[in-house]
Every structure is written in structure tokens, then in C-alpha cells.
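Single-letter residue listing:
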Amino acid sequence: MAMTDTGGAGTNATEPESSDSLRTFGAVVQALREHAGLSRGDFAPLVGYSKHTVASIELGRRMPDDDFVERAEAALGNTGALRRAARHLSRRPGLAAWFRRWVRLEAVASSLYTYECRLIPDLLQTEAYARTLFVNQLPPLGDEQIEAQMTARLERQRLLRERPNTAYGFILEEHLFLRRTGGAAVTRELVDHILELAGLRNIELQIMPLVRESHAGLDGPMQLLETPDNKWFGYCEGQESGQFVSDAKVVSMLQMRYARMRSQALTLEDSLSLLRRMRGVL
């Protein structure tokens, strides 16, 4: 990010969500659901989310988005309790409003595409790689801050395996691996980890080669996200701030650039082949 928890080491915007507030909201959902005599399996189709997502929200592991709150209210009697509880979630310190909105959408996205030229995106990082980023953060982080951000980072990585119906696409610059962040051993582990993830059916990985005479991504990293109701949003990031993009014209421009980069990057097969060759010389 290198500010938010979408890719980099993180600063204030990567402080983990208040576990107390998330658990409190989840407990309210669970209490109302049980009072209505609904199992999680009964409740899930009423709100349009999977049983697993409902469980994650009730256990305080996942930030509910606006659609969940409204649908849950309708399904549980329109008491207003969930709307009031959700307002407190939006006031948590340490997580910028623009990033909160992105995280809520990310948790339910049907498609998520990422181009990164600065560092390995957080969803693909190993613990050793992420810890290297946190330890080298400037200004320096304290031990408790590092551990808190490691916990938040590893929690978000659950998305890749918990949402098998979400299509994830990544375009990564070749130099991100050649830099050997954290050393050769950390990079070997990272390459092995990414090769394993690339074997999942819902993940596509492409490498942008070191030599590329024309490149549609020179304006920097980007993310594109499609919601279950087929709306598209974008997210771009600078050193000290991020930009949530909802304007359809700007999102269309980002989609055009990402599509061009997919044609400029190595194919899926050649990308994995390159990573294997890199692994052999580290």
C-alpha cells in the first residue's frame, strides 16, 4: 500500500479493525437471527450471502458491507438495531474511510484484479515477506504494532481460499522478485507460495517482463473490483493516501489499461514457467 493493507507495509490505515466492535455487531446479528428461529443456513439466502460469510460476520472476523446490513435488517424484522450498530463500525480509528469502503466490497467481490509494481500484494505475501516490510517501515513501528498488522494481514489472506467463487487476477512486475526483499530464502519461500496459490482455479497470475517497450501501467498500481450485482469500482494508491474510484468513466479507463496490460504481460503458462526458473537460481 505502502500505506493501506492492500499491499504494502502499512501505516495508520492498516491498523486492524476493532475486534470488540466487530464482535459486538456480529453478536447482535446472531441474537436477532436466533430469536427469529433461523439457522445460518436459513438466513444466508435471505441476505444473499454464503453461510460461511454469515458465520464470519457473526464471529466478528469480517466487516459487513452496507448491503448485508440492509438485507439483514429486512430479514430480521427491521428493528433498526443493525443499522445503529453498523454506524459504530464506521467510526473505528486507524482505518481510513476510503479504505473501509474498499474492504467491505472486497469481502463480497465476484472479481478482483490487481496490478502491482512496487511490492507483492498483501493477498499473496508470506508471513516472512510481510514481516520484512513491517520491520523496515518508516517511521519505525513498535513490536505490538507489527504483530497487530501481521494479524490483520494474515486474516485478509483468508479471502483467497474462503471465496472460491471469486475470480482473482494479478499482474506483477518481474522486478518484484528480482529485488529479493528479505533475502534469497524469503524470496524462495515467496515464489513457492505464489506458485501454490496460482494452482487454485480462481487465481490467475501474470508476470510483466522486465523488458517491455510499451506498458499501459506506467501511472502506477491499481485494483479493480466487481460486486455481485455487476458494479465495478477501482482503487489507486499513493504514498500517503488512497483513492476509491466509483466514477464510471474513470473505472472504464482503469479497465482499459488493465486489459491492455493483460495482453502485454506474459501468458499464464509462461509466467509460471518464469517463476519456476527464478526459483531455481535463488
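Residues numbered from 1 in each chain as written. Predicted model: local features only at pLDDT ≥ 70, side-chain atom pairs only at ≥ 80, totals over all residues. Heavy atoms only, no water.

**Student:** Even after reading the chapter, I still don't get the nonpolar core, so can you show me in this structure?
**Tutor:** The tendency in soluble globular proteins is for nonpolar side chains to be buried side by side. With 36 residues, the main nonpolar core has Ile 120, Leu 124, Phe 170, Leu 172, Phe 177 and Leu 205 as its most contacted residues. Ranked by residue count, the leading element in this core is helix H11 (residues 184-198), at six residues. Residues contacting Leu 172, with those up to four places away along its chain left out, are Glu 116, Ile 120, Pro 121, Leu 124, Phe 177, Leu 205, Gln 206, Ile 207 and Met 208. Ranked by size, the runner-up nonpolar core spans 21 residues in total, among them Val 47, Val 69, Leu 76 and Ala 85. (Core = buried A, V, L, I, M, F, W, Y, C linked by side-chain atoms within 4.5 Å. Buried < 20%, exposed > 50% of the residue type's maximum accessible area, 1.4 Å probe, protein only. Helix = DSSP H or I, 4+ residues; strand = E, 2+ residues; numbered from the N terminus. Contact = heavy atoms within 4.5 Å.)

**Student:** Just to check I follow, could you spell out the pattern of salt bridges for this structure?
**Tutor:** All chains considered together, the criterion is met by 19 salt bridges. Two residues, Glu 106 and Arg 156, come together in a salt bridge whose shortest N-O distance is 2.3 Å. Of the two residues, Glu 106 sits in helix H6 (residues 97-106) while Arg 156 sits in helix H8 (residues 143-156), which places them 50 residues apart along the sequence. Its relative accessible area of 2% is what places Glu 106 among the buried residues. Ionic pairing is found between Glu 116 and Arg 118, a salt bridge with its closest N-O pair at 2.8 Å. (Salt bridge = Lys/Arg side-chain N within 4 Å of Asp/Glu carboxyl O.)

**Student:** Is there a simple way to think about the sheet that holds strand S2 (residues 167-173) in this case?
**Tutor:** Paired through backbone hydrogen bonds, the strands of a sheet run either parallel or antiparallel to each other. Sheet architecture is open: six strands sit in the order S3-S2-S1-S4-S5-S6, paired in mixed fashion. Of all strands in the sheet, those bounded by a partner on one side alone are strand S3 (203-208) and strand S6 (242-245). With strand direction ignored, the average angle separating the axes of adjacent strands in the sheet is 10°. Alignment of strand S5 (residues 232-237) against S6, held across four bridges, turns out to be antiparallel. Bridge pairing in S6 places Glu 237 opposite Gly 242. (Pairing = 2+ DSSP bridges. Axes fitted to C-alpha atoms, helices over the stretch in contact; angles between N-to-C directions.)

**Student:** So what exactly am I meant to see when it comes to helix H13 (residues 268-281) here?
**Tutor:** Residues that lie three or four places apart on an α-helix share one face, since the helix turns once every 3.6 residues. The terminal C-alpha atoms of H13 lie 21 Å apart, and with 14 residues this matches the ideal 20 Å at 1.5 Å per residue to within 8%. Burial in H13 covers these residues: Ser 271, Leu 272, Leu 274, Leu 275 and Met 278. Each buried residue of H13 lies within a common arc of 155° when the element is viewed along its axis, so the set occupies one face. In H13, the exposed residues that point more than 90 degrees away from the buried face are Glu 269, Arg 277, Gly 280 and Val 281. Those residues of H13 hidden inside the fold are in contact with helix H10 (175-178), H11 and S3. (Expected span 1.5 Å × (residues − 1). Arc of directions from axis to C-beta.)

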